[in-house]
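# Structural features, examined
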Amino acid sequence: MERLAYFIRRLLLVIPTFIGITLSTFILIQFVPGGPVEQAIIQMRGLQNVQGANASQAISERQREAIKAHFGFDKPIHVRYWNWLVHDKMGMEVRSYKYSNKTVWELISERFPISLTFGLTGFILSYLVCIPLGIAKALRNGGVFDLWSSVIVFVGYAIPPFAFGMLLKLFFSGSSTHFLDWFPLGGFRSDNWATLSLWGKITDQLHHMVLPLLCYLIGNFAVLTLLMKNSLLDQIGQDYIRTVIAKGGTLRRAIWLHALRNAMIPIATGIGSIFTLMFAGAVLIERVFNIPGMGWLSLDAMVSRDYMVFMGILALTSLLGLLGRIFSDFCYALIDPRITFEKN
Amino acid sequence: MFQFRNRLLLASLSLLTFAAPGFLQAEESFPPEGWQERPDPLASPDAMPGGTISVYVGDYPKSFNYYLDNNVISSLIFNLMYPTLLEVDGVSKEFIPGICNRWTIGDDKQTFTFHIDPRAKWSDGKPMTAEDIVWTFDTILDDKNLTGVHKVGLETFERPEIIDQSTVRFKAKEVHWRNLLVLATFNVMPKHAFAKQDFNLINFEFPVVGGAYKIGELAESRYLRMQRRADWWGFKRASNEGVLNFNTIELRFFPDREQAFDAFNKGQIDLFQVYTSARWVRQTQGEPYDKNWIAKQQIYNYDPIGFQGFAMNLRRAPFDDVRVRKALAHLLDREKMNETIMYNQYFLHSSYFEDLYDRTKKSPNPQFAFDKAKARKLLEEAGWKVNKQTGILEKNGRPFEIIFLTRDASTDKFLVIYQEDLKDVGIRLKIERKDWAAWLKDMDDFNFDMTWASWGASLWRDPEGMWHSKEAERTGGNNVTGFADDRVDELIEKQKTIFDIEQRDEIVREIDQIVTSEVPYVLLWNIDYTRLLYWNKFGMPDTVLSKFGDGNAAISYWWYDDYAAADLQQARKTGRALPGKDFQVRFDDWYEGEEE
């Protein structure tokens, strides 16, 4: 009961926290130069083209005012925030400034499945690989296997994923005739995706996913593997494991039946991040491989000052982040019944 | 090799010259009697319709509606879909029929009457009418539509008058040579297709078009395929023989040029223009280049050349002193930069209108050569003295410090060299990097000392926006340096009513010489040729590109050559080399003009 009350309290706290995050960001971005009004002016003056024949003529004050009114910048900030939050449903119904034929929600819902595909596959693969690897390393602690796998894992950790991506592209995607041409240069799917058979679609999708997925995984491996290994080693050293062995149980039995469950607790704390991980995408990896996912959209929104998209992504990621933390605590409590949320 | 064309068409602009004030003649009609439409002299008779060309154009634009998004890509797409009232001859720059096959200019030089070609139809079969023209005009000038600078040109006219369904009359508010240009290059959209829509939301869907191409397949942020309309009425015109040949023009979008270049090397893009010398010199090697599967050519034509330089804010000290500005120009070691950073690929500017000069008319402007002694002398004359303790120049107790406002990290390598040379004479240069929007805000507020500015050029030189003193204090204008000179103002006013390009050019040369002597910019360098890479499977005119066009002229003049494409495919399969092409192609070597 006390747990239920705790989680209800946590859920209720999400509302003011969410308003705090979005309101402060909303106010902050008013002071950053280059909002939609300035963007529209740049666009109209043709200033983004160095070589435009009609490039750069002046915009009159009347036109400036018309642009302001068009983007709602003629209203006071609290009205705008209220409109954003309530009338436009967290800005989801507003049109993107850059992709002007789409609403923020349309854009996000288009990009989300792409990031979800990579995020979820990466997440599952990293848990599938890292947990057994961590266990194997713990069981062979200090051995040759442990040493070599550590070297590989740390080298992977040291390489920034986007740099790794660029190397992979250079070596395996045929952009240079000196190397191999095994994988596509990027993109989520081939241009002729719609015309492919089911099997063709599956292979095409996998073909496009191999290199970016390797980049997604490379950084996560070290943290998760070592977390698993150290957590398990920690548990193996505990009294209760010695008790199991003293009572005639094998080390294997002690680990699989007792230590593993406890060793999973630190791993479970990261599980809440699956919410944001799937949503946020990996900005630089998506950029390197030209994958039109959430990461790219976020970067695009920031660079081109597409505030409505930026705010929309922020609102959703904050919400998911807040809920993810509650979910982590929930998993935590589920794994370890000793955990209570009572005040001492 | 040479193509000739009887040139019966007299320059519409030149003709106006003869109508000197006080000797006004009656309304003039164009084209003149006896004029006959001829094929484009640059189009090859071998051109065949068909095939696809895939071109990298840049990042995905915010709109394909050029009236809403004033950028080169949208302009390219929009012009393929929506024709203009008149067209421009690719060799002589004269106006030739577009949507309108006849036009008259009143004796007041302010009234322009256009007659729509009776064959002109929209893609849904409806005729193009005067109402379409007036509706497009009204739409652009409507305050609630975000059509920006397109308003500026049209605002100089009264609302056009519909004479009948195929005739429309414009009246300009003042006499100016630019008026006819504005009207001639005015793209018309169909009223019946768009009148009920919010114009600000017409971005990617254009169900009814009037040009040679319509939107085919669009994959957002990746590519746009434009489909040729075989039934386009314009193909009945002789001037369109041998041009606009590709069945599909695929425009590829990439967020950065590096990715696009990778895709080009892999064969996913057919045509790629190179803008950096490092790529041109060092990254165009390997099998496809060595075996001529990819052609690499430098095309010298008459593509207008803009200028770039370090713009100085003449509104504030010490840049209000011409001696200081001259000194700053003498302290920039352009030769060294060109040699060490740019593989000697560029020429050094000595003019703000480089196109005005050629072998026959050489620029009289001085080159500000790198000369520290001269710079020191000029600075001393201007009252700047070295503080022996700090080594910094000072005047009235104020140290000489320049804040260089930049928005691009790639400029740093040049600025560092400049910084060192300035330091040597006692000037401190601080680099302040901002992003586009923040940079623009500072520029609009005139809050800068010095910045890097690159300007494009037009076929028609118009010095007003950048050099007239009335533009100097206008927020968001082009006179960023705040340049003001009475004589230049006078010359700008004078050229407005001159319709002869040669005469105007003479005036612009005088303006150029005054401006150059006043040094509002530390002039940099530029390139006078187009660097082109393409997979060797296309047919093209001997001149490769048009007279005034950049690499995008390929879209109009090239064609897909089945034999060349098969040959390329075979060569790639077997590893065989293809015959090489000329590395340098000069327009004048292949086109010597036209016979009367």
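Note: the structure precedes this text.
The sections below set out a description of the structure shown in this document. Keep in mind it's a predicted model, so treat the numbers as computed, not measured.

Rules and cut-offs
Residues numbered from 1 in each chain as written. Chains lettered and ligands numbered in written order. Predicted model: local features only at pLDDT ≥ 70, side-chain atom pairs only at ≥ 80, totals over all residues. Heavy atoms only, no water. Helix = DSSP H or I, 4+ residues; strand = E, 2+ residues; numbered from the N terminus. Buried < 20%, exposed > 50% of the residue type's maximum accessible area, 1.4 Å probe, protein only. Contact = heavy atoms within 4.5 Å. Areas by Shrake-Rupley, 256 points an atom, 1.4 Å probe, with all protein chains shown as cover. Pairing = 2+ DSSP bridges. Buried area = accessible area lost by both parts, 1.4 Å probe. Salt bridge = Lys/Arg side-chain N within 4 Å of Asp/Glu carboxyl O. Polar contact = N/O pair within 3.5 Å; in protein donor to acceptor, adjacent residues only side chain to side chain. Nonpolar A, V, L, I, M, F, W, Y, C, P; charged D, E, K, R; others polar. Phe/Tyr/Trp six-rings, centres within 6.5 Å; stacked < 30°, edge-to-face > 60°. Lys NZ or Arg CZ within 6 Å of the ring centre and 35° of its normal. Axes fitted to C-alpha atoms, helices over the stretch in contact; angles between N-to-C directions. Parallel < 35°, antiparallel > 145°, perpendicular 65-115°, else oblique. Left-handed = near helix turned anticlockwise from the far one by under 90°.

With that out of the way, let us pick up the overall build of chain A. Counting secondary structure elements, chain A contains 14 helices and zero strands. Of all 344 residues assigned to chain A, the portion counted as buried reaches 48%. Within chain A, contacts between residues separated by at least 24 positions form 70% of all contacts whose residues are at least 6 apart in sequence. Accessible surface for chain A amounts to roughly 17300 Å². Of this, 69% is attributable to carbon and sulfur atoms.

Moving on to the pairing of strand S24 (residues 530-535) of chain B. Residues and elements named next belong to chain B. Within S24, six of the six residues are buried, which leaves the element mostly enclosed by the surrounding structure. Going residue by residue along S24, you find Thr-530, Leu-532 and Tyr-534 tucked away on one face and Arg-531, Leu-533 and Trp-535 tucked away on the opposite face as well. Bridging between strand S13 (residues 294-300) and S24 involves six bridges; their strand directions are antiparallel. Pairing of Lys-296 across the sheet is with Leu-533, part of S24.

The interface of chain B with chain A comprises 56 residues on the first partner and 56 residues on the second. Buried surface at the junction of chain B and chain A, summed over both partners, amounts to about 4700 Å²; 49% is from carbon and sulfur atoms. The tally of links between chain B and chain A comes to six salt bridges. Across the pair Arg-252 of chain B and Asp-191 of chain A runs a salt bridge, and its minimum N-O distance is 2.4 Å. In this structure, the connection of chain B to chain A is made through ten residue pairs in polar contact (both at pLDDT 80 or more). Listing elements by their share of the side of chain B that touches chain A, those giving two or more residues are helix H4 (149-154), strand S10 (223-228), helix H7 (257-265), helix H9 (287-290), helix H14 (436-444) and strand S21 (450-455) of chain B. For the side of chain B that touches chain A, the element with the most residues is H14 of chain B, which contributes six residues. Counted by class, the side of chain B that touches chain A contains 20 nonpolar, 18 polar and 18 charged residues.

Another aspect to go through is the packing of aromatic side chains. Residues and elements named next belong to chain B. Following the criterion strictly, the structure yields 59 aromatic pairs over all chains and no others. Pairing Phe-261 with Phe-264 gives two aromatic rings, centres 6.4 Å apart and planes at 15°, and the pair type is stacked. With a gap of three residues between them, Phe-261 and Phe-264 both fall in helix H7, about one helical turn apart. Note on Phe-264: relative accessible area 0%, which makes it buried. Lying across the ring of Trp-439, Arg-407 places its NZ or CZ 4.2 Å from the centre. Here Arg-504 stacks its cationic end above the ring of Trp-177, 3.7 Å away from the centre of that ring.

Bringing the sheet that holds strand S1 (residues 28-30) of chain B into the picture now. Residue and element names in this part refer to chain B. Pairing within the open sheet is antiparallel, and its five strands lie in the order S1-S5-S6-S8-S7. The strands lining the two open edges of the sheet, one partner per strand, are S1 and strand S7 (161-164). Averaged over all adjacent pairs, the angle separating strand axes in this sheet is 20°, with direction ignored. As judged from the five bridges shared by strand S6 (residues 111-116) and strand S8 (residues 167-171), these two strands associate in the antiparallel manner.

A few words now on the sheet that holds strand S16 (residues 385-386) of chain B. Residue and element names in this part refer to chain B. In space, the three strands of this open sheet follow the order S16-S17-S18, with antiparallel pairing throughout. Looking at the sheet topology across the chains shown, the edges are occupied by S16 and strand S18 (398-399). By the bridge criterion, two bridges tie S16 to strand S17 (residues 393-395) in an arrangement that is antiparallel. Note that in S17 the partner of Val-386 across the bridge is Leu-393.

Residues and elements named next belong to chain B. Across the six residues that make up S6, a large majority, six, are buried. What you see with S6 is no split at all: Thr-111, Thr-113 and His-115 on one side and Phe-112, Phe-114 and Ile-116 on the other are buried throughout. Bridge analysis of strand S5 (residues 100-105) against S6 gives five bridges, and the strand direction is antiparallel. Bridge assignment links Trp-103 to a residue of S6, and that residue is Phe-114. The antiparallel hairpin formed by S5 and S6 contains five residues in its connecting segment, where Lys-109 sits at a positive phi of about 60°.

Right, let's talk about the pattern of salt bridges for a bit. Residues and elements named next belong to chain B. Scanning all chains against the criterion turns up 51 salt bridges over all chains. Between Glu-287 and Lys-291 there is a salt bridge; the shortest N-O distance is 2.9 Å. We classify Lys-291 as partly exposed; its relative accessible area is 22%. In this structure, the salt-bridge partner of Lys-441 is Asp-445, at a minimum N-O distance of 3.2 Å. Residues participating in the shared-partner salt-bridge network are Arg-178, Asp-462, Glu-464, Lys-470, Glu-471, Glu-493 and Lys-496.

Here we come to the packing of helix H12 (residues 372-381) of chain B against helix H13 (residues 412-425) of chain B. Residues and elements named next belong to chain B. Their axes nearest at 10 Å, the elements H12 and H13 cross at an angle of 55°. Viewed along their axes, H12 and H13 adopt a mutual orientation that is oblique. Note that H12 runs across H13; the crossing there is right-handed. Two secondary-structure elements touch here, H12 through Lys-372, Arg-376 and Leu-379 and H13 through Asp-421, Asp-424 and Val-425. Considered class by class, the residues forming the contact of H12 with H13 number two nonpolar, no polar and four charged.

All names here are of chain A. Two elements in contact, helix H13 (residues 294-303) and helix H14 (residues 307-335), have axes whose closest approach is 8 Å; the angle formed by their N-to-C orientations is 135°. Between H13 and H14, the interaxial angle falls into the category oblique. Read as a crossing pair, H13 and H14 show a hand that is left-handed. Contact residues: H13 offers Met-294, Leu-297, Ser-298, Ala-301 and Met-302, while H14 offers Val-309, Phe-310 and Ile-313. Here the residues of the contact of H13 with H14 sort into seven nonpolar, one polar and no charged.

The next point concerns unusual backbone geometry. Cis geometry marks the peptide bond from Phe-30 of chain B to Pro-31 of chain B; its omega dihedral reads -15°. In this structure, Pro-31 of chain B sits in the loop between S1 and strand S2 (52-58). For the bond running from Ala-317 of chain B to Pro-318 of chain B, omega is 0°, close enough to zero to count as cis. Positive phi outside glycine occurs at Met-90 of chain A, with the angle close to 55°. Relative accessible area serves as the criterion here: at 16%, Met-90 of chain A is assigned to the buried category. Of note in this structure, Val-519 of chain B is not a glycine but carries a positive phi near 50°. Summarising the element assignment, Val-519 of chain B is placed in the loop between helix H17 (501-518) and strand S22 (521-523).

Any link to function would need more than the numbers given here.
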